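So the chains spell out like this:
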Amino acid sequence: MIKERLDALRKLMKKNKLDAYIIPGTDPHQSEYVPALWQRRAWISGFNGSAGDVIVLRDKAGLWTDSRYFLQAEEQLKNSGIDLFKIGVTGVPDMIQFLKNNLEKGRVVSIDPKLHSHQEVSKMQAELQSRGITVKALEDNLVDAIWEDRPSLPDAPLFVWEDKYAGESVESKLDRIRQKMQEENVFAHVLTMLDTIAWTFNLRSSDVDYNPVFISYAIITQDNALLFVNKKKINRKVKKHLKGLAKFYDYDDFRKHLLKIAKRKHKIWLDGNTVNHWIVNLIQKKCRVFFKESPVVMFKAIKNETELQGFKNCHIRDGVAMVKFLHWLEKSVPEEGVTEITAAEKLESFRAEQDLYRGPSFETISAYGEHGAIVHYTSSPQTDVELKEEGIYLIDSGGQYLDGTTDITRTVALGEPTEEQKDRFTRVLKGHIDLAITSFPRGTQGIQLDTIARKPLWDIGLNYGHGTGHGVGAFLGVHEGPQGISYYRGLGVALEVGMICSNEPGFYKAGEYGMRIETLVNIIKDSKKSSDEDFEFYTFETATLCPIDLKLVNKDLLSEEEIAYLNDYHERVYETLLPFIKDKDLQNWLEQATKAI
C-alpha cells in the first residue's frame, strides 16, 4: 500500500517536473500533533510518530526522526521503500545534506509553503541554491491530490474555557498583547499556533486528538480582534463570550483579511519561529513585517495563580486514578488476561470517574518487556501482548481536565527484578530526585539542568536519548514551549516562576525493557536560598502524586538526602490521596506502597 502511494506521488512529481518532494509531519500551524486531515506524512509513509519528515525522490525515499522513535520507525517502515535516517547519529546526513548528495545542479525540490516555517525555508533556500538546486513552493499539496477518502475539516463545537479555570479574562489578555504591540510600534499581530489562539480567547475544542484546540488563525489589531475558524463550530454561548472583543470569520477568509491589512502598508508582527512560509510570502512585499516571538508564548507558559491551583487540584484526582490502576494491576496480572491494551483501557476508565475529566492528554504508552525500550511505543492489536508475573511494565499516560493537564510515567516490576534492573531503575530515580531538589539562580536555562538527571547513569557509561523535561499547558498541549529541561528543547529560554515542566529521566535496554519516572513540577522561588534580588534562586515543586515502585529500588545506591526526599514524597502522596480513597483494601495498598525505606 505504501509503495503504491509513493508510485502515485512520483507520477505527480514527474508531471510537475519535480525531482524531490518534502512531506513534513506538521501542519499550517506548525503543530506537533496534527488533525487527521493533515496527517500526510503518516499516510504516505506508515510511520505515525509525532516527529518525523519524509523526502521522496524519483528513485528513493527517506524518513528522518529522532531517537524516541528509532525502534518504532524501523518497524513501521519495513518493506515500505522508505529508508530510515536517524537524526543525531554520527555519519547520518540531515535532510539538506541528503538532498545535496542526491540531486545535481538544476534539479528542483518542492515544498508546500504552508507546512514549513519561514525560518526553515529561508535556510533551505540558502543552502540548496548555493548548489544550483531550486526550491519551488506549490500551494496545491501533492499528497492531497492522491489521498482518496481524506478526512474533512473538523466541525466539533467550540466551548468557553471559563474564567474560574483560566484565571484571566479575554479582555485582560488582549490588553496585555496590545501593550506589547504598542511597545513594538506594530498595527497588527498574527497568531498562527493553535494553542496561542485557544489561550488568548479562552476557547477550547477537539480538532486535534488529545489537544483541546481548534483549527484557526487570529489577527489582533490595536482596536479589533479577528478570529478565523470554521463557522459551523460557533454557537450562541461562544458568540456571547467574545461579544465586543472579537469578530468571527470563516477559516478560509484569513488570506483575504491579512492581505487587506498588508495593502494598507501597516506594520505586521509575525512570530518568526513558527509562522509558515506561505504567510510571509503573501505579505512581505506589501507591508513592513516585524519578526519576533509572539508575546503570547511567554504569557501562556507562565501560569497564573488560578491555573497553578487547578494544576495541583487535577493532580490529586489524577493520583487517585493512578493508585486505583496500580492496585488493580497488581491484583489482576496474576489472574491472567491483562494485556497492554486492556491495561491502558482500565486506566482510562479510572480517569473517566474523576471530576472535570475530558479525555487523555496523549495516546497512552502501555509497554511491557521489550516494548518498554521503544520510548514512544504504541500498542496495537498486532503488537499487543499479555502481561505476566515477570519483567518490567512501563505506563506513560496523562489526562486533560478542565482545570489542568497531567502527564505521568510509572515503571512497575511485575515479578522479582534482576540486580541489573534495580541498579538501572535506582540510577534513574537518583537523577529524578537530584533534579527535583536542585536549586538554581534566576536566568538558568533547562539545558543547564538536564545534566543533573543524567549524571547517575553517566557514572557507569549509560544515557537516555530524549530530553529530561518538556513544558506542559493548562488544559492545553501536554507538550508546550518555549521552556524545557533538555539538550535540544527550550534552548535560550530561562526557567521562570509559574512555568510547568516534566521531570522524566529514563533508561532503555533494546530488546529487553525500558524504565522511566515522570512527574510534573512547577517552578517556585526558593526562599531559603534567595538572599536578595541580585541572587534570587528558584526550585521545583512536584505536583504529581503517585507511588514509585519500591521493589525496583536499591537503597544502597541512594544518598541520605535522596532517601529523605523519597520518604517525604511518599508521605505526601499518602496523606494527600487517602481522604479521597474509601475502599479499605486500596487504603492498605497505598499505605504499603508509600512506606518509608
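Residues numbered from 1 in each chain as written. Predicted model: local features only at pLDDT ≥ 70, side-chain atom pairs only at ≥ 80, totals over all residues. Heavy atoms only, no water.

Student: I tried to follow unusual backbone geometry on my own but got confused; where do I start?
Tutor: Peptide bonds are mostly trans, and most non-glycine residues show a negative phi. At the junction of Gly 481 and Pro 482, the peptide bond is cis and its omega measures out at 5° in the coordinates. Looking at the secondary structure, you find Pro 482 in strand E23 (residues 480–485). Even without being a glycine, Gln 30 presents a positive backbone phi close to 55°. Relative to the elements of secondary structure, Gln 30 occurs in the loop between strand E1 (20–23) and helix H2 (40–45). Even without being a glycine, Leu 356 presents a positive backbone phi close to 70°. Residue Leu 356 is classed as partly exposed on the basis of its relative accessible area of 29%. (Helix = DSSP H or I, 4+ residues; strand = E, 2+ residues; numbered from the N terminus. Buried < 20%, exposed > 50% of the residue type's maximum accessible area, 1.4 Å probe, protein only.)

Student: Any chance you could explain the pattern of salt bridges here in plain terms?
Tutor: Close approach of charged atoms lets side chains of opposite charge pair. As enumerated under the stated definition, the model contains 33 salt bridges in all. Its salt-bridge partner being Glu 512, residue Lys 509 comes within 3.5 Å of it at the nearest N-O pair. The residue Lys 525 makes a salt bridge to Glu 536 at a minimum N-O spacing of 3.5 Å. Taken together, the residues span a long stretch of sequence, with Lys 525 in strand E27 (residues 519–525) and Glu 536 in the loop between E27 and strand E28 (537–542) at a distance of 11 residues. Because the salt bridges share partners, they merge into one network encompassing Asp 195, Lys 300, Lys 303 and Glu 480. (Salt bridge = Lys/Arg side-chain N within 4 Å of Asp/Glu carboxyl O.)

Student: What's the story with the sheet that holds strand E10 (residues 216–221) in this structure? I'm lost.
Tutor: Pairing between the strands of a sheet comes from backbone hydrogen bonds, and it takes one of two forms, parallel or antiparallel. Reading across the sheet, the six strands line up as E12-E11-E10-E8-E13-E14 and stay open at both edges, with mixed pairing between neighbours. Sheet topology places strand E12 (247–249) and strand E14 (288–291) at the edges, where each strand pairs with a single neighbour. Averaged over all adjacent pairs, the angle separating strand axes in this sheet is 25°, with direction ignored. In terms of strand pairing, strand E8 (residues 188–191) meets strand E13 (residues 267–270) through two bridges, oriented parallel. (Pairing = 2+ DSSP bridges. Axes fitted to C-alpha atoms, helices over the stretch in contact; angles between N-to-C directions.)

Student: Any chance you could explain the packing of helix H14 (residues 305–332) against helix H15 (residues 340–352) here in plain terms?
Tutor: At a minimum axis distance of 8 Å, the contact between H14 and H15 shows a crossing angle of 140°. Looking at the two axes, H14 sits oblique to H15. Considering only the axes of H14 and H15, their crossing is right-handed. Here H14 contributes Asp 318, Ala 321, Met 322, Lys 324, Phe 325 and Trp 328 to the contact with H15, which in turn contributes Thr 342, Ala 343, Lys 346, Leu 347, Phe 350 and Arg 351. For the contact of H14 with H15, the per-class residue count stands at seven nonpolar, one polar and four charged. (Parallel < 35°, antiparallel > 145°, perpendicular 65-115°, else oblique. Left-handed = near helix turned anticlockwise from the far one by under 90°. Contact = heavy atoms within 4.5 Å. Nonpolar A, V, L, I, M, F, W, Y, C, P; charged D, E, K, R; others polar.)

Student: Please clarify how the nonpolar core should be interpreted in this entry.
Tutor: A general tendency of soluble globular proteins is for nonpolar side chains to be buried together. Among the nonpolar cores identified, the biggest contains 69 residues, and Phe 325, Leu 329, Tyr 393, Phe 540 and Leu 577 are the most heavily contacted of them. Considering every element that reaches this core, the biggest residue donor is H14, with nine residues. In this view, Leu 329 contacts Pro 334, Val 338, Leu 387, Tyr 393, Val 412 and Leu 414; residues no more than four positions away in its chain are not counted. Counting 32 residues, the second largest nonpolar core, distinct from the first, contains Val 160, Leu 194, Ala 198 and Ile 234. (Core = buried A, V, L, I, M, F, W, Y, C linked by side-chain atoms within 4.5 Å.)

Student: Honestly, the environment of Gln 179 in this entry has me stumped. Any pointers?
Tutor: Turning to its location among the elements, Gln 179 is positioned in helix H8 (residues 170–183). Considered as a pair, Gln 179 and Asp 59 are 120 residues apart in the sequence and their alpha carbons are 53 Å apart.

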